[in-house]
Structures are given as structure tokens and as C-alpha cells.
Amino acid sequence: MGFFEAFGGLALALLGAGLAAGLSGIGSAKGTGIAGEAGTGLLCQDPTKFGKVLILQVIPGTQGLYGLVVWFFAIFRMGLLSGSLPDISLQVGLQYFAACLPMALGGLFSAIAQGRVAAASINILAKKPDDWAKGMVLCITVEFYAILSLLASMLMIINISK
């Protein structure tokens, strides 16, 4: 029995879980960075808006948390928290890999898009401070697709049977 036959299923499953956490985290880092760059410009002129800028900057960070939830749930369902390496077939490993992809890709792209919307919302805050909640609504619209990615991954992981 070769290495791939023995550990290929586990490797694929771990790769999927790692991508869910890693790509979502990369997207969140990029998205919060984009919003943070916009926020620093405004805060140089008006430091009293720090609280609202911070809220807008943090919003693209949720995808990283969702990715971590999928990672944790996947390794829990794999049995990795038991203290021993589980015996995962290649087919089941591929199922875990595929189940983690919606969060991996959805988290990556939605966090970056949400960071751009948050940066634009910071511009609303700069020019029309009373309308900053409109920018929040626009950010939440993008959040919906991150939540759909989370839901898709979670439902697929729940339905994987060993």
C-alpha cells in the first residue's frame, strides 16, 4: 500500500479544510486592508469618526472567521480532535475537499469585494456623515454571499458519511 492510498484521503480533506481557512483569511486580510487604507485618510482629517471607520473596516474580516469555522467543523467531523489520525478513504477525502471549496472561494472573493464596498462607504462617511448607515447596508449585501458560502460548506460537510 502506497503513501497516497494510505494518506491521500486525509491529505485531500485537510487541504480542503486548510483552503477554507487560508483563502478566507487572505480575503479578509486584503478586504480589511483596503478599508483600512481608506479609513486612515479620513481619520487624518477627522479623528472623531474612528468608531464608524473601525466598524466599516472590520466587516470584511468576518469571512476569515467563517473560514475558520468551516476548518474547525471539518476537522471535528473527520475525527482529528480524537488524538489519532483517522482513516479517511480517497473518496471521503475528496468529498471534504469539495465541501470546503465554497467557503474557500466565496470567502476569498467576497471579503475583497466587501473591502472595496467598505472603502467606498468610508467615502460616504467623509462627505455625508449622516448617511453612513447606507454604506453599512451596502456592505451587508456582500456579506450575504459569504454567509451563503458558509452555509453551503457546512451543509455539505454535515452530509459526508464515513
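Before reading further, recall that the structure is shown in the block above.
First, a word on scope: everything that follows refers to the structure included in this document.

Cut-offs and rules
Residues numbered from 1 in each chain as written. Predicted model: local features only at pLDDT ≥ 70, side-chain atom pairs only at ≥ 80, totals over all residues. Heavy atoms only, no water. Helix = DSSP H or I, 4+ residues; strand = E, 2+ residues; numbered from the N terminus. Rg over C-alpha atoms; globule rule 2.2 N^0.38 Å. Buried < 20%, exposed > 50% of the residue type's maximum accessible area, 1.4 Å probe, protein only. Areas by Shrake-Rupley, 256 points an atom, 1.4 Å probe, with all protein chains shown as cover. Lys, Arg positive; Asp, Glu negative; His and termini not counted. Charge placed at Lys NZ, Arg CZ, Asp CG, Glu CD. Salt bridge = Lys/Arg side-chain N within 4 Å of Asp/Glu carboxyl O. Polar contact = N/O pair within 3.5 Å; in protein donor to acceptor, adjacent residues only side chain to side chain. Contact = heavy atoms within 4.5 Å. Patch = residues over 30% accessible without salt bridge, like charges linked within 9 Å, V, L, I, M, F, W, Y side chains within 5 Å. Axes fitted to C-alpha atoms, helices over the stretch in contact; angles between N-to-C directions. Parallel < 35°, antiparallel > 145°, perpendicular 65-115°, else oblique. Nonpolar A, V, L, I, M, F, W, Y, C, P; charged D, E, K, R; others polar.

## Some remarks on the overall build of the protein chain
And then number 1: A count of helical and extended segments in the protein chain gives five helices and zero strands.
And then number 2: Relative to the globule expectation of 15 Å for 162 residues, the C-alpha radius of gyration of the protein chain, 19 Å, shows a markedly less compact shape.
And then number 3: Each principal axis of the C-alpha distribution contributes one length, and for the protein chain these read about 65 × 25 × 20 Å.
And then number 4: Burial analysis of the protein chain (162 residues in total) assigns 42% to the buried set.
And then number 5: Total accessible area computed for the protein chain in this model is approximately 8,500 Å², and 72% of it derives from carbon and sulfur atoms.
And then number 6: Taking the average location of the 9 positive side-chain charges in the protein chain and that of its 7 negative ones, the two points are 7 Å from each other.

## Some remarks on the pattern of salt bridges
And then number 1: One pass over the structure, following the stated rule, counts two salt bridges.
And then number 2: A salt bridge links Lys 49 to Asp 46; the shortest N-O distance between them is 2.5 Å. Per residue, the accessibility class of Lys 49 equals that of Asp 46, and both read buried.

## Let's talk about the side chain of Gln 63
And then number 1: Its location among the elements puts Gln 63 in helix α3 (residues 62–78).
And then number 2: For Gln 63, the side chain forms a polar contact with the side chain of Thr 62, separated by 3.0 Å.
And then number 3: Look past the residues within four positions of Gln 63 in its chain and what remains in contact with it is Ser 24, Ser 28, Met 103, Gly 107, Ser 110, Ala 111, Gln 114, Glu 143 and Ala 146.

## Quick look at a nonpolar patch on the surface
And then number 1: A cluster of nonpolar residues, Phe 144, Tyr 145, Leu 148, Leu 151, Leu 155 and Ile 158, forms a patch on the protein surface that exposes about 580 Å² of accessible area.
And then number 2: Along the chain, Leu 151 falls in helix α5 (residues 132–158).
And then number 3: Under the relative-accessibility criterion, Leu 151 is labelled partly exposed at 46%.

## Topic: the side chain of Glu 143
And then number 1: Inspection of the secondary structure puts Glu 143 in helix α5.
And then number 2: Here Glu 143 sits buried without a salt bridge, and the closest side chain of opposite charge, Arg 116, lies 15 Å off (N-O distance).
And then number 3: At a separation of 2.5 Å, a polar atom in the side chain of Glu 143 contacts the side chain of Tyr 66.
And then number 4: Setting aside residues up to four positions removed in sequence, Glu 143 forms contacts with Ile 59, Thr 62, Gln 63, Tyr 66 and Gln 114.

## Observations concerning the packing of helix α4 (residues 90–127) against α5
The axes of two packed helices give the description: the angle between them and the distance between them.
And then number 1: Two elements in contact, α4 and α5, have axes separated by 8 Å at closest approach and are oriented at 175 degrees. Between α4 and α5, the angle is such that the two are roughly antiparallel.
And then number 2: Partitioning the contact of α4 with α5 into residue classes produces 21 nonpolar, seven polar and one charged.

## A word on the environment of Ser 153
And then number 1: Following the sequence through the fold, Ser 153 ends up in helix α5.
And then number 2: Since its relative accessible area comes to 0%, Ser 153 is described here as buried.
And then number 3: Along the backbone, Ser 153 and Asp 87 are 66 residues apart, and their C-alpha atoms lie at a distance of 22 Å.
And then number 4: Dropping the residues within four chain positions of it, Ser 153 is found in contact with Val 70, Ala 99, Cys 100, Pro 102 and Met 103.

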